[in-house]
Amino acid sequence: MRSYNHIAIEPKWQKKWGEDRLYETPGAVSGKENYYLLTEFSYPSGTLHVGHWYAFAVPDILARKKRMEGYNVLYPVGFDALGLPAENAAIKRGIDPRQWTYGNIAHMREQLRSMGNSFDWSREVVTADPEYYRWTQWLFLKLFGAGLAERKKAPVNWCPSCETGLANEQVLKQQRTANDGQLITVSVCERCETPVEQRELEQWFLKITKYADRLLDDLAGLDWPEEIKEAQRNWIGRSEGVVIKFEIRSTKSETNSKSEIQNSKHAPVTSYQLPVPSVEVFTTRPDTLFGATYLVLAPEHAFISEIKDQKSKLQFQIQNGEEVEAYIERARNKTELERVVERGEKTGVELKGITAVNPANGEEIPVWISDYVLAHYGTGAIMGVPGHDERDFAFARLHDLPIKMVVCPHYPTPTCPVLDHAYTGEGHLVGSGEFDELPSGEARRAITKHVGGTMTATYRLHDWLISRQRYWGCPIPIVYNPEGKAHPVPEEHLPWLLPDDVTDFTPKGTSPLGTSQELVARTERIFGKGWRPEIDTLDAFVDSSWYFLRYLDPHNDREFASRDEQALWMPVDRYSGGAEHTTMHVLYSRFFYKAMHDLGLVASREARGGSDPPQQPRRVRPSLATSEPYAVRMNRGLVLGTDGRKMSKRWGNVIDPDAEVARVGADAVRMYLAFIGPYNEAGHYPWQTGGLIGMRRFLEKVWKLKSKIKNQKSKLQLKSENVRQLIHKTIRKVGDDIEAFKFNTALSALMILVNAFEKEEEVGREHYETLLVLLAPFAPHLAEELWESMDQRGSIHSEPWPTYDRQLLGVEQRIVVQVDGKVRATFESVEDLDEAAIVARAQVLPALEKYLAGRKIRRTIYISGRLLNIVLE
């Protein structure tokens, strides 16, 4: 028998599959249910590394298995081609971003094909194609017409390196060492890791905040991993609470007129006027209102702006205006994340000359400004309750402000002294007048009513900043009349093309589109003299917020996707992607889809239950039953370099998949990536060459097993009844684990079966073929070659998935595994395995790896068929 030669085999079958159009997916097939498997499409900023393979080649295992089960599977491919990474790379090389991007796409297509994936290339989308971004612009204008897109002036995160504004979701926290050697938390651009600044700019926003409640509440009905849903809940950050008004008073006994203050030689250098008689405060704990000993405003609070208004009537006087102004300027240069998590002291300045009145007890309390209060969160003002809030406690200690404890954890008690830290829990009220002894929950309602508070909710989520001051993006289809009013570009002029006469793409703080003479001429030709185009481009996340719909109908030039096609495929059955996109792309696309749903632009299949293949075709029809785009979202792990760091050219630790494919073959690379850990968990897996070689050796074992088929026409010739049983156990195990994205344990089961076959004198043809069918999703090239060598007609990937006989599964036991007395894992086993075999099985369980690493086993305790306890030294 000839040797296993991947260099000859893999290109042969990739070409054959393409010629046969094996993976092109029709909209519907009689007798088959549609199944939509989606992965986040790739960004062509350079060549692929093995992290890209991990993203695309491993989910392909499920796509192939689903086809063999009788589903009509859509597994599409495309390129998220606009945005900063490609543009920055092109600028670095001194070439046009379009040339750089499309050159990369051509190369990446070949790399992706080398994986042997079952992509439907006939549905490819590229977001930089005018045929695609025409519909991005069309959808933007629909949102604009619905009042969900607006241009407004607001403080934004500004990256001085990328020279563009960033949405909050594109700013990361990063630990860095300060000049004094201490670790500090800074806010950096997620693309280039440059510290970001705050700037007041007029920008375009999408009103995602209008959907905050639905984005939050609809998570409850999704069959998603809880950690993904929790990440979205935390980012949206809804807080239920109360708005309470605090009256503002002057500390002067009389009110001076503006002219008197201005003419007085004792007047401060900077004198502000304060016309607002009250400030609204948001709190989630109105039960602590009697413990409020000061009021804090955000430096950007509208109250402060009113003070500066020279046209307002003079009611109050701020005596330390210069100090206040200087503090506001310092706060302006900090990012939100720096203000919220900054180490060290909570800075602030008292607004001398005014006080606030605590509405619960009538006490006058000082008013401060501090940058740990954010203008956009709640009302931009908080009541300082140092006895029951850690930040307030630190602030009060620093500035020598009173601390009162008004919620006591112990009841009844004659006194409840202030501790050396804030008490943030529930309890009974003390020092709260008529509300003493009430439990916290009851007191919240009673005090809110007593002071006339209003129940409300606040959110961490901001409106989505979508303006980018860069060239390589989708042009915003807006023009301005001579008076500066924004007008949509009419549909007949879409796509509103990205001009090609721009020559300098270097970021300068304003969009390079402003240098395009063609764009200006086009605008004036269509709309008239004095009209000007919008020169910002859209955030690339807008392009990727609907791409999964374009896959359904990629060649439609009349609409972005027909409702009939949407009704056949939506929602996506399973979506796999990176954990870093949970609070960016996934959140954005959920909002986008909900808005499209409300505008009547999308349709979906009826709700489906169960995971078994259909016995007959399911009737589907257009429906608006769901406003969620993804039935299931899974986050994958991250493949690290051999040095344990994230793969990056910056660190010089990128693994070139082309070199590995040439050395051991695409099938071995696919299987290694499937084996490194559970794919449905956000783990981190360093690349290990030894593991890759191990996969190659396993495939060679499968190849050599063919020589054990002595009688090509005979059926099973196994001597061992355990091996006969193992075949059916393997069928069930591999099938179940692929569905659960536990590809690593599915491969373990196949390895056990191959080892059992190796111990047999001969292997029945039928069971060798079963092994090949089970292996086909993992090693599609090798399985196809061996299938052909068995004189089989047709592709192995069109074979039905094997079924198992429950009567042959034998008696099963679920073994509970403890480490030092604590349950850490479970696994199934046949009852006749001895203790040594059970211990050996347990030691290779992925769930035990972190507990056993570097530790020696002192002894084991085994209760037959039930429990194994591993005691470590």
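Engineer: Please set out the overall build of the protein residue by residue, giving values where relevant.
Structural biologist: Along its length, the protein carries 28 helices and 32 strands. Across the 873 residues in the protein, those meeting the buried criterion constitute 54%. If you sum the accessible surface of the protein, you get close to 38,200 Å²; carbon and sulfur atoms cover 49% of it.

Engineer: Mind laying out the packing of helix α21 (residues 666–675) against helix α26 (residues 780–789), listing which residues take part and the relevant values?
Structural biologist: Interhelical geometry of α21 versus α26 gives an angle of 130° and a closest axis separation of 7 Å. The angle between the axes of α21 and α26 places the two elements in the oblique class. Contact residues: A666, D667 and R670 in α21; P780, H781 and L782 in α26. For the contact of α21 with α26, the per-class residue count stands at three nonpolar, one polar and two charged.

Engineer: Give me the lowdown on helix α1 (residues 6–20), citing residues and values where you can.
Structural biologist: Compared with an ideal rise of 1.5 Å per residue, which puts 15 residues at 21 Å, α1 spans 21 Å between its outermost C-alpha atoms and is within 8% of the ideal. Three or more residues of α1 are buried, namely H6, I9, E10, W13 and W17. With its buried residues spanning 90° around the axis, α1 presents them on a single face. In α1, the exposed positions that point more than 90 degrees away from the buried face belong to I7, K15, G18 and E19. With a side-chain oxygen positioned 3.1 Å from the backbone nitrogen of I7, the residue opening α1 is N5. In the segment just after α1, R21 is the residue with positive phi, at about 50°.

Engineer: Any details on the sheet that holds strand β5 (residues 149–159)? Residues and values, ideally.
Structural biologist: Taken in spatial order, the four strands of this open sheet run β6-β5-β9-β19, and their pairing is antiparallel. Edge positions in the sheet fall to β6 (164–166) and β19 (464–465), since each of these pairs with one other strand and no more. In this structure, β5 lies alongside strand β9 (residues 197–206), joined through ten bridges in antiparallel fashion. Within the sheet, the bridge partner assigned to P155 lies in β9 and is E200.

Engineer: Help me get a handle on the sheet that holds strand β23 (residues 532–533), residues and values and all.
Structural biologist: Sheet architecture is open: three strands sit in the order β22-β21-β23, paired in antiparallel fashion. Strand pairing shows two members of the sheet lacking a second neighbour, β22 (486–488) and β23, which therefore form its edges. Sheet topology places strand β21 (residues 478–480) next to β23; two bridges connect them, and they run antiparallel. Looking across to β23, one finds that Y480 is bridged to R532.

Engineer: Go over helix α15 (residues 517–527) with me, naming the residues and quoting the values.
Structural biologist: Those residues of α15 not exposed but buried are L519, R522, T523 and F527. Buried residues along α15 cover an arc of 100° about the axis, so they all sit on one side. In α15, the exposed positions angled more than 90 degrees off the buried face are occupied by Q517 and R525. On its buried face, α15 is in contact with β21 and β23. At the N-terminal boundary of α15, the capping side chain belongs to S516, with an oxygen 3.5 Å from the backbone nitrogen of E518. Note on α15: the residue one or two positions beyond its end, G528, has a positive phi of about 125°.

Engineer: How would you summarise the pairing of strand β31 (residues 857–863) if you had to cite specific residues and measurements?
Structural biologist: Regular strands place side chains that alternate from one sheet face to the opposite one. Note: β31 against strand β32 (residues 867–872), six bridges, orientation antiparallel. Considered in β32, the bridge of I861 is made with N869. If you look at the hairpin formed by β31 and β32, you'll find three residues sitting between the two strands, and G865 has a positive phi there, around 75°.

Engineer: Please set out the environment of E524 residue by residue, giving values where relevant.
Structural biologist: In this fold, E524 is placed in helix α15. We classify E524 as partly exposed; its relative accessible area is 26%. When residues no more than four places from it in sequence are discounted, the contact partners of E524 are K529, G530 and W531.

Engineer: Tell me about the pattern of salt bridges, residues and numbers included.
Structural biologist: The full count for this structure, using the stated rule, is 46 salt bridges. Between E788 and K12 there is a salt bridge whose closest N-O contact spans 2.9 Å. Highlighted residues: E788 in helix α26 and K12 in helix α1, separated in sequence by 776 residues. When its relative accessible area of 36% is taken as the criterion, E788 is described as partly exposed. Overall, the relative accessible area of 34% leaves K12 in the partly exposed class. Notably, a salt bridge pairs E769 with R765, separated by 2.8 Å at the nearest N-O pair. Within this pair, E769 and its partner R765 are both found in helix α25 (residues 765–775), separated by four residues, close to a single helical turn. One connected set of salt bridges, linked through shared partners, spans K65, K66, E69, R574 and E739.

Engineer: Describe the packing of α21 against helix α24 (residues 743–758), with residues and values.
Structural biologist: Orientation of α21 relative to α24, taken along the N-to-C sense of each, is 115°, at an axis distance of 7 Å. Touching M671, A674 and F675 of α21 are F743, N744, L747, S748 and M751, all from α24. For the contact of α21 with α24, the residue count by class is six nonpolar, two polar and no charged.

Engineer: Explain the environment of W53 to me, using residue names and the numbers behind them.
Structural biologist: Structurally, W53 can be placed in helix α2 (residues 50–56). Assessed through its relative accessible area of 0%, W53 is described here as buried. The spatial distance from the C-alpha of W53 to the C-alpha of L112 is 8.0 Å, given a sequence separation of 59 residues. For W53, the residues in contact, after removing those within four places along its chain, are V58, Q111, S114, M115, P657, V661, A666, V669, R670 and L673.

Parameters and conventions
- Residues numbered from 1 in each chain as written.
- Predicted model: local features only at pLDDT ≥ 70, side-chain atom pairs only at ≥ 80, totals over all residues.
- Heavy atoms only, no water.
- Helix = DSSP H or I, 4+ residues; strand = E, 2+ residues; numbered from the N terminus.
- Buried < 20%, exposed > 50% of the residue type's maximum accessible area, 1.4 Å probe, protein only.
- Areas by Shrake-Rupley, 256 points an atom, 1.4 Å probe, with all protein chains shown as cover.
- Axes fitted to C-alpha atoms, helices over the stretch in contact; angles between N-to-C directions.
- Parallel < 35°, antiparallel > 145°, perpendicular 65-115°, else oblique.
- Contact = heavy atoms within 4.5 Å.
- Nonpolar A, V, L, I, M, F, W, Y, C, P; charged D, E, K, R; others polar.
- Expected span 1.5 Å × (residues − 1).
- Arc of directions from axis to C-beta.
- Polar contact = N/O pair within 3.5 Å; in protein donor to acceptor, adjacent residues only side chain to side chain.
- Pairing = 2+ DSSP bridges.
- Salt bridge = Lys/Arg side-chain N within 4 Å of Asp/Glu carboxyl O.

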